[in-house]
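Descriptive analysis of the structure
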Amino acid sequence: MGGRKPDLRVFPESREAAEQCAIFIANELQSRISEKGVTRLAVSGGTTPKPMFQALAKAPLDWSKVHVFFVDERCVPPTSDQSNFKMAKENLLSGAPLLESNVHRIHGELNPDEAAGKYINEVKGHFELSDGALPVFDVLHRGMGSDAHTASLFPGEPLIADRTGIAAHVWVDKLKMDRVTLLPGVLLKAVRTVLEISGPDKAEPLHEVLYGPDDPFRFPCQIAARGSDTAVWFLDQAAAAKI
């Protein structure tokens, strides 16, 4: 494998991995606040991050200096149980004293292309981007599916080749669902990528992502994670069983 040896942090149970992941993210955010007076975090959804979000919400940060964005979102209303925003709100956003104006959600209730366009404009406006520039998140939190997808970039998705766009509407055929996701160029730009992965169904794909062929079209989680000196992995023992 090219690049440096991956920074793998393995814990006996998923809850311990989640708590240590929260501590790590909080320290990274605090460092950026100290340096720049503001910090930007992009978070992912699913079930794995719930305990991490709950722990992070208790971190003694100046939350008024923290802006929260989303790595991806399902095209559902924010009240839907499938909404990444709803899960984050219940486990992180409602527990941390964040300013409402510092939460930048993807409007999944809109037409998918409209939702993607609105989010792109939100990101451009916040980061004050010039044409063609990409945002640089201080911490970009990601997970991985049992098919090695990350964000809403699934195996075979043509947008995996896109290194210039900020976000896009994707149709996930295997799930018959519209989603909006950040694109690979943004994932690659992050100052710190934090991957939180747990469960025995992740063991085989994790091995392939780390040590199999270098092929992000088959293993999208390799983007900004394999051989990267900015990626840190928080794993439970079940997910790490084959590495």
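Right above here is the structure, for reference.
The rules behind the values
- Position numbers for residues count from 1 along each chain, tracking the sequence in the order it is written.
- The predicted nature of this model means local features are confined to residues of pLDDT at least 70 and side-chain atom pairs, given and counted, to a pLDDT of 80 or more, with totals for whole chains, interfaces and linings taken over all residues.
- To get the side-chain values, all heavy atoms of the structure are used, and hydrogens and water are removed first.
- By convention in this document, the label disulfide applies to cysteine sulfur atom pairs within 2.5 Å.
- The cut-offs for exposure are 20% and 50% of the maximum accessible area for each residue type, with area from a 1.4 Å probe on protein chains only; residues under the lower value are buried, those over the upper are exposed, and the others partly exposed.
- Whenever a carboxyl oxygen of Asp or Glu lies within 4 Å of a side-chain nitrogen of Lys or Arg, that contact is scored as a salt bridge.
- We count a stretch as a helix when DSSP gives it H or I for four or more residues in a row; a strand needs E for two or more, and each element gets its number in order from the N terminus.
- Put simply, buried Ala, Val, Leu, Ile, Met, Phe, Trp, Tyr and Cys residues joined by side-chain atoms within 4.5 Å make one nonpolar core.
- Pairing of aromatic side chains requires ring centres within 6.5 Å, counting the rings of Phe and Tyr and the six-membered ring of Trp. Pairs whose planes differ by under 30 degrees are stacked, by over 60 edge-to-face, and all others tilted.
- Placement of a positive charge over a ring is assigned whenever Lys NZ or Arg CZ falls within 6 Å of the ring centre and within 35 degrees of the normal to the ring plane.

A separate point is the state of the cysteines. Throughout the structure, instances matching the rule amount to 0 disulfides. Left without a disulfide partner, C21 is nearest to the cysteine sulfur of C221, which lies 13 Å away. When its relative accessible area of 0% is taken as the criterion, C21 is described as buried.

Within this structure, the stated rule accounts for 12 salt bridges. The salt bridge involving K86 is made with D81; its shortest N-O contact spans 2.4 Å. Look at D81 and you get exposed, because its relative accessible area is 70%. Residue E204 is joined to K242 by a salt bridge in which the shortest nitrogen-to-oxygen separation is 2.9 Å. In this pair, E204 sits in helix 6 (residues 203–211) while K242 sits in the segment after strand 10 (231–236), placing the two residues 38 residues apart along the sequence.

This part covers the nonpolar core. If you look at the biggest cluster of nonpolar residues, it comprises 61 residues, and the most contacted ones within it are I25, L56, W63, I166 and L182. The element best represented in this core is helix 1 (residues 14–36), accounting for 9 residues. With 15 residues, the next largest nonpolar core counts A225, A231, L235 and A239 among its residues.

In this section: the packing of aromatic side chains. One pass over the full model with this rule turns up 6 aromatic pairs. Between the aromatic rings of F69 and F127, the centroid separation amounts to 5.7 Å while the plane-to-plane angle is 40 degrees, which identifies the pairing as tilted. Of the two residues, F69 sits in strand 3 (residues 66–70) while F127 sits in helix 4 (residues 112–127), which places them 58 residues apart along the sequence. The exposure class assigned to F127 is buried, which follows from its relative accessible area of 16%. Put simply, the rings of F11, F24 and F234 touch in pairs and so form one group of aromatic residues. Across the ring face of F127, the terminal group of R40 is positioned such that the distance to the ring centre comes to 5.1 Å. Between R105 and the ring centre of F85, over which it is positioned, the NZ or CZ distance is 5.4 Å.

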